[in-house]
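# Report on the structure
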Amino acid sequence: MGIVSSWQDPSLFTMGMWSIGVGALGAAALALFLANTDVFLPKSQKAALEYLEDTDLKTLEKEPRTFKAKELWEKNGAVIMAVRRPGCFLCREEAMDLSLLKPKLDELGVPLYAVVKEQLSTEVEDFQPYFKGEIFLDEKKKFYGPQRRKMMLLGFVRLGVWRNFFRAWDRGISGNLEGEGFILGGVFVVGSGRQGILLEHREKEFGDKVNVDSVLEAARKIKPQTLASEEK
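Residues numbered from 1 in each chain as written. Predicted model: local features only at pLDDT ≥ 70, side-chain atom pairs only at ≥ 80, totals over all residues. Heavy atoms only, no water.

Worth spelling out the cut-off: UniProt positions are given in the numbering used here, feature names are shortened, and annotations may be inferred rather than shown by experiment.
With an unreviewed UniProt entry as reference, the chain is termed Peroxiredoxin-like 2A, source organism Equus caballus. The UniProt entry for the chain carries the following comment under Sequence similarities (unreviewed entry): "Belongs to the peroxiredoxin-like PRXL2 family. PRXL2A subfamily."

The following block contains the structure:
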């Protein structure tokens, strides 16, 4: 009788539904809070020079040439962007910012490169106007490792990602949804010869750009092979 009467009492039923609703809102608020901390972010692992230099890269010509990645930095070092997705407007924004460094990098004799993980239709060709350097294909995605990090739907509830969206939109940058875009990218500054990796930026969320001042600072530490051999 007690159970039946409680269901028949509208006030008790309303109170029960209100409690469930408050609990659901509380759980949702907690989930949203945690999603905007680093708790659920994919963990990164530093890449060793030995790991990167043995990467097989391909040129994007009609008759592609395969070569070892160390050719990119062996003599003069290099700045290398691992592009998450060429059609992504956030990636295009970062490519534009890195390209603004090109005149200063040229003065230092340091080349600017990018690698992509796939070649779809005209995606790389359409990306090229945003990036003032050569682009190569990293089919095995080694520049996205050693521990590949993915951001899935979590990215769309992060406030930082939405700030990044609005920032790029305000700059008038557009993009598309073609290609794989969940494996996160990054930026490397690699010294010449055995100088090592001088800067490694791992994208922690969509649109997490590298600090271009840090890139330039690291590039200034590169010692071209000719200079390095003269100092020995």
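### Re unusual backbone geometry
Put simply, the rule reads: Strands are runs of DSSP state E lasting at least two residues, helices are runs of H or I lasting at least four, and both sets are numbered from the N terminus onward.
Cis geometry marks the peptide bond from Gly145 to Pro146; its omega dihedral reads 5 degrees. Tracing the chain through its elements places Pro146 in the loop between strand E5 (134-137) and helix H7 (159-170). Unlike most non-glycine residues, Ser121 shows phi in positive territory, near 45 degrees. Among the structural elements, Ser121 can be located in the loop between strand E4 (112-116) and helix H6 (123-127). Here Lys141, not a glycine, exhibits a phi torsion of approximately 60 degrees, which is positive. Structurally, Lys141 can be placed in the loop between E5 and H7.

### Some points on the pairing of strand E7 (residues 197-202)
To keep things clear, this is the line we draw: Paired strands, in this sense, are two strands between which DSSP finds at least two bridges.
With five bridges connecting them, strand E6 (residues 186-190) and E7 associate as antiparallel partners. Following the sheet pairing, Gly186 is matched in E7 by Arg202.

### Some details on the packing of helix H4 (residues 89-99) against H7
Helix-helix packing: each pair is described by the crossing angle between the helix axes and the interaxial distance. Counted only if it meets this: Working convention: axes come from line fits to C-alpha atoms, limited for helices to the stretch in contact. Angles between N-to-C directions cover 0 to 180 degrees. Left-handed describes a crossing in which the near helix is turned anticlockwise from the far one by less than a right angle; the clockwise case is right-handed. When checking whether two residues touch, look at their non-hydrogen atoms; a contact exists if any pair is within 4.5 Å. Three classes are used: nonpolar for Ala, Val, Leu, Ile, Met, Phe, Trp, Tyr, Cys and Pro, charged for Asp, Glu, Lys and Arg, and polar for all others, with Gly counted as polar.
For the pair H4 and H7, the least separation of the axes is 10 Å and the interaxial angle reads 65 degrees. Between H4 and H7 lies a crossing of left-handed hand. Residues Phe89, Leu90 and Glu93 of H4 touch H7, and the partners they reach there are Asn164, Phe165, Arg167, Ala168 and Trp169. Counted by class, the contact of H4 with H7 contains five nonpolar, one polar and two charged residues.

### Remarks on a nonpolar patch on the surface
Just so we agree on the cut-off: Put simply, a patch holds well-exposed residues, over 30% relative accessible area, that have no salt bridge, with like charges counted together within 9 Å and Val, Leu, Ile, Met, Phe, Trp or Tyr side chains within 5 Å. Computed by Shrake-Rupley with a 1.4 Å probe, the accessible areas treat only the displayed protein chains as cover when residues are assessed. Each salt bridge in this description consists of a side-chain nitrogen of Lys or Arg and a carboxyl oxygen of Asp or Glu lying within 4 Å of one another.
There is a patch of nonpolar side chains on the surface, built from Met152, Leu153, Phe156, Trp162, Phe166, Trp169 and Phe182 and spanning about 730 Å² of accessible area. Position of Trp169 among the secondary structure elements: in helix H7.

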